[in-house]
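Descriptive structure summary
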Amino acid sequence: MIEITSTPIILVAILGTVGMILPIIGIAKKEKGSNSFYATIAFGALIASIGYVIYETVTDQLPPSALFSKDVLSNDSFSSLFAIAMLIVSIITTAGSFNFMKNHSHHAVYYSLILLSTIGMVLVAYSTDLVMLFVAWELMSIPTYVLAGFLKKNPSSNEAALKYFLFGALSSAIIIYGISLVYGITGSTNIGEVMAGLQQMDPSLMPLALLAAGMFIAGFGFKMGLVPFHMWLPDTYEGAPPTITALLAAGTKKAGFAAALRVIIMGTIALNVDWTLALGVIAVMTMTVGNIAAIMQKNISRMLAYSSIGHAGYILIGLAVAPFTVLGIQGSLFHVLNHAVMKGAAFIAIAGIVATLGITNIDKLRGLGRKMPVISIGLVISLLALAGVPPTSGFWSKLILFGAALDSGLPSWAPWLAIAGVLNSALSLAYYGWIIRKMYFEGETEKRIAEPKAIIGVMVFSIIFLVAIGVYPEPIIEFTRNAVPVLGFIASK
Amino acid sequence: MSNTMLDFVIVSIALLAIGIYGMSVKRNAIRMLFAVEMIVNAANLNLVAFARFLPNSQGQTFALFSIAIAAAEVGVGLALIIVAYRMYKNVDIAEFRSLKG
């Protein structure tokens, strides 16, 4: 049994209580337009949760990452890392909504859905049982379908939500089919027992096991935006409200990686198949398609959506070389944490621009560096971090990822992953540089306009986070090293 | 005479194939929703059938969870489709073109 005082339960208690109470307050309260009231409550709950997780990580020695446990939830440093990344994203989203949601209605429901989706994301990272994983996955997904279509009068928001819903529902259906197959093969839904069962199964069941592994890759791949399954992603990211895009790009995508690390990687090791080459090919395809398509975009949300596809490819490099080197998963985890902050900050900067000026076209960003200096500098720092320019933290995570691909040695194709990654980073610098050039070196001098205060706060936080880790990365590298699950356990079994 | 496990698996694979066909060919949002539901129900059939032939009943429990979750999902999906219908007077997703690139 799980202890009632373990971290995931406490997080569910805090966020769930607040998330359920918010709409009740919303109905009981007569007056309207109290956006910052609900935002403050939601913000407080999220700060309390992340404070608890960080406190536990810093003081209490968490058990080493095992990936398996007899319970349905396991509290280890692997899941803590994902929980911290996702809670940061939710905090950024809530803070950005202080200003963005001011002119829209139904605030109580909006923040309640963000909190419920956060519970889902956090529980995906903690769960070690396929039933728990699936329930958490749906708890994460269903609120985001509603949130993507939250601007009810806006046709593009609705279209974005509908496309997202259809592909999201398909991905959940495929995942549950995959789970049903592994349950039939191994007779258990606990991830550890499933892996043990897959190693001892009858060889004649291999085709079914491969079908199940393929279904997991496809199902989680839809959420992660891997290339054959990415077609919904640019439309959804462009049409959804920018604050929700931050939640989708930085949060739910990371939950997909948490689930993939628990299920796909362990499954491929257990099945003893050379499945890593397939993951490597998907990684190269994902980053190339994402970055090449990003160059041609005129809309900044859409460009960052394609760049987000590209980043899924970088993170997948670490998963592809995971069986050969420890650095692979370490790099992936570090990049997950970084990408959560930089993508979240970039989309919140866009939310700030949309809320004050109402533009998303890159040509119209002309002279923004003088009009809105703080948001512009925040956007620039996150774009440079996304490209992996040295004084930012994005450089270190890409260094570890590409270093892992070069270092792994064993598969002869691994260095090509690093080469593709470096080329793609150079390519991405081209279009990030184009945005920066539009903002700073074009347009006539215009007067400075007032910037939303909460979004300034998010920008300051992300600049400090990205630059501080870029200058002094040791503590975070140490933390991600501890979070890497022990793979030797499954190999020796 | 009783059914073997293979019978259930064949029906389930057939449902999965129909669902994937519907998802890839049809462009009507409600038809696509039905196609997804067929895949979910194929998985539920699998779970219940496997649970019958295995010594534990986790599969049946999971099928109950899955049915409840699918119902919630359909609720949200139909709500989105109704909003779309009010806006476009149509539920054909090929007609929704405010986003492209």
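Residues numbered from 1 in each chain as written. Chains lettered and ligands numbered in written order. Predicted model: local features only at pLDDT ≥ 70, side-chain atom pairs only at ≥ 80, totals over all residues.

Scanning chain A from N- to C-terminus turns up 20 helices and zero strands. Over its C-alpha atoms chain A spans a radius of gyration of 21 Å, differing by no more than 12% from the 23 Å that the globule rule assigns to 493 residues. Each of the three principal axes of chain A carries a C-alpha extent, and together these read 70 × 55 × 45 Å. Scored against the burial criterion, the 493 residues of chain A give a buried share of 62%. Long-range contacts, defined as pairs at least 24 residues apart, comprise 80% of the intrachain contacts of chain A with a sequence gap of at least 6. (Helix = DSSP H or I, 4+ residues; strand = E, 2+ residues; numbered from the N terminus. Rg over C-alpha atoms; globule rule 2.2 N^0.38 Å. Buried ≥ 20, exposed ≤ 12 C-beta atoms within 10 Å, placed from the backbone. Contact = placed C-beta atoms within 7 Å.)

This paragraph deals with the overall build of chain B. Along chain B, the regular secondary structure elements total three helices and zero strands. Tracing chain B from N to C terminus, the helices and strands come up as α-α-α. Here the C-alpha radius of gyration of chain B, 17 Å, is well above what a compact globule of 101 residues would show, namely 13 Å. For chain B, the spread of C-alpha atoms along the principal axes amounts to about 55 × 25 × 25 Å. Counting over 101 residues, chain B shows a buried share of 35%. Partitioning the intrachain contacts of chain B with sequence separation of at least 6 by distance along the chain shows that 43% fall at a separation of at least 24.

Taken together, the 34 residues of chain B in the interface contact 36 residues of chain A. Mapped by element, the contributors of at least two residues to the side of chain B that touches chain A are helix H1 (5–25), helix H2 (29–53) and helix H3 (58–88) of chain B. With 15 residues, H3 of chain B is the single largest residue contributor to the side of chain B that touches chain A. A class-by-class count of the residues in the side of chain B that touches chain A yields 25 nonpolar, eight polar and one charged. (Nonpolar A, V, L, I, M, F, W, Y, C, P; charged D, E, K, R; others polar.)

If you look at the biggest cluster of nonpolar residues, it comprises 214 residues, and the most contacted ones within it are Ala-42 and Val-124 of chain A. Residues within four places of Val-124 of chain A in sequence aside, it is in contact with Leu-133, Ala-136, Trp-137, Met-140, Ala-255, Ala-258 and Ala-259 of chain A. (Core = buried A, V, L, I, M, F, W, Y, C linked by C-beta atoms within 7 Å.)

All names here are of chain A. Running from N to C, helix H2 (residues 35–58) and helix H4 (residues 107–126) point in directions that differ by 15°, and their axes come no closer than 8 Å. Relative to H4, H2 is oriented roughly parallel. In terms of crossing hand, the pair formed by H2 and H4 is right-handed. Contact residues: Asn-35, Tyr-38, Ala-39, Ala-42, Ala-45 and Leu-46 in H2; His-107, Ala-108, Tyr-111, Ile-114, Leu-115 and Thr-118 in H4. Partitioned by chemical class, the residues of the contact of H2 with H4 number nine nonpolar, three polar and no charged. (Axes fitted to C-alpha atoms, helices over the stretch in contact; angles between N-to-C directions. Parallel < 35°, antiparallel > 145°, perpendicular 65-115°, else oblique. Left-handed = near helix turned anticlockwise from the far one by under 90°.)

Before going further, it helps to examine the environment of Leu-211 of chain A. Considering the arrangement of structural elements, one finds Leu-211 of chain A in helix H8 (residues 206–224). Each C-alpha atom, one on Leu-211 of chain A and one on Ala-161 of chain A, is 29 Å from the other, the two residues being 50 residues apart in sequence.

We now examine the environment of Gly-219 of chain A. All names here are of chain A. Along the chain, Gly-219 turns up in helix H8. Since 28 C-beta atoms lie within 10 Å of it, Gly-219 is described here as buried. Note: C-alpha distance between Gly-219 and Leu-170 (49 residues apart in sequence) is 7.8 Å. Every residue in contact with Gly-219, bar those within four places of it in the chain, is listed here: Ser-171, Ile-174, Ile-175 and Gly-178.

Looking now at the confidence of the model for chain A. Here chain A averages 87 in pLDDT, while 95% of its residues score no lower than 70. Of the regions scoring below 50 in pLDDT, residues 489–493 of chain A engages in seven contacts with residues more than four places distant in sequence or in other chains. (pLDDT = per-residue confidence, 0-100.)

Here we take up unusual backbone geometry. Phi is positive for His-106 of chain A, which is not a glycine, with a value near 60°. Its place among the elements puts His-106 of chain A in the loop between helix H3 (77–100) and H4. One non-glycine residue, Lys-89 of chain B, lies in positive phi territory at about 55°. Of note, Lys-89 of chain B is situated in the segment after H3.

Moving on to the confidence of the model for chain B. Taken over all residues, the pLDDT of chain B has a mean of 88, while the share at 70 or more is 95%. Across the assembled chains, the prediction reports ipTM 0.95 with pTM 0.92.

With that out of the way, let us pick up the environment of Ile-82 of chain B. Structurally, Ile-82 of chain B is set in helix H3. C-alpha separation for the pair Ile-82 of chain B and Ile-20 of chain B, spaced 62 residues apart in sequence, amounts to 24 Å.

Residue and element names in this part refer to chain A. One can describe the packing of helix H13 (residues 326–356) onto helix H15 (residues 373–387) by two numbers: an axis separation of 9 Å at closest approach and a directional angle of 145°. As H13 packs across H15, the resulting crossing turns out to be left-handed. Contact with H13, carried on its side by Asn-338, Met-342, Ala-345, Ala-346, Ala-349, Gly-352 and Ile-353, involves Ile-375, Gly-378, Leu-379, Ser-382, Leu-383, Ala-385 and Leu-386 of H15 and no other residues of that element. Residues belonging to the contact of H13 with H15 are distributed by class as follows: 10 nonpolar, four polar and no charged.

This paragraph deals with helix H6 (residues 155–186) of chain A. Residue and element names in this part refer to chain A. The terminal C-alpha atoms of H6, which comprises 32 residues, lie 46 Å apart, in line with the 46 Å expected from a rise of 1.5 Å per residue. Within H6, 29 of the 32 residues are buried, which leaves it mostly tucked inside the rest of the structure. Immediately beyond the C-terminal end of H6, within one or two residues, lies Gly-187, with a positive phi of roughly 75°. (Expected span 1.5 Å × (residues − 1).)

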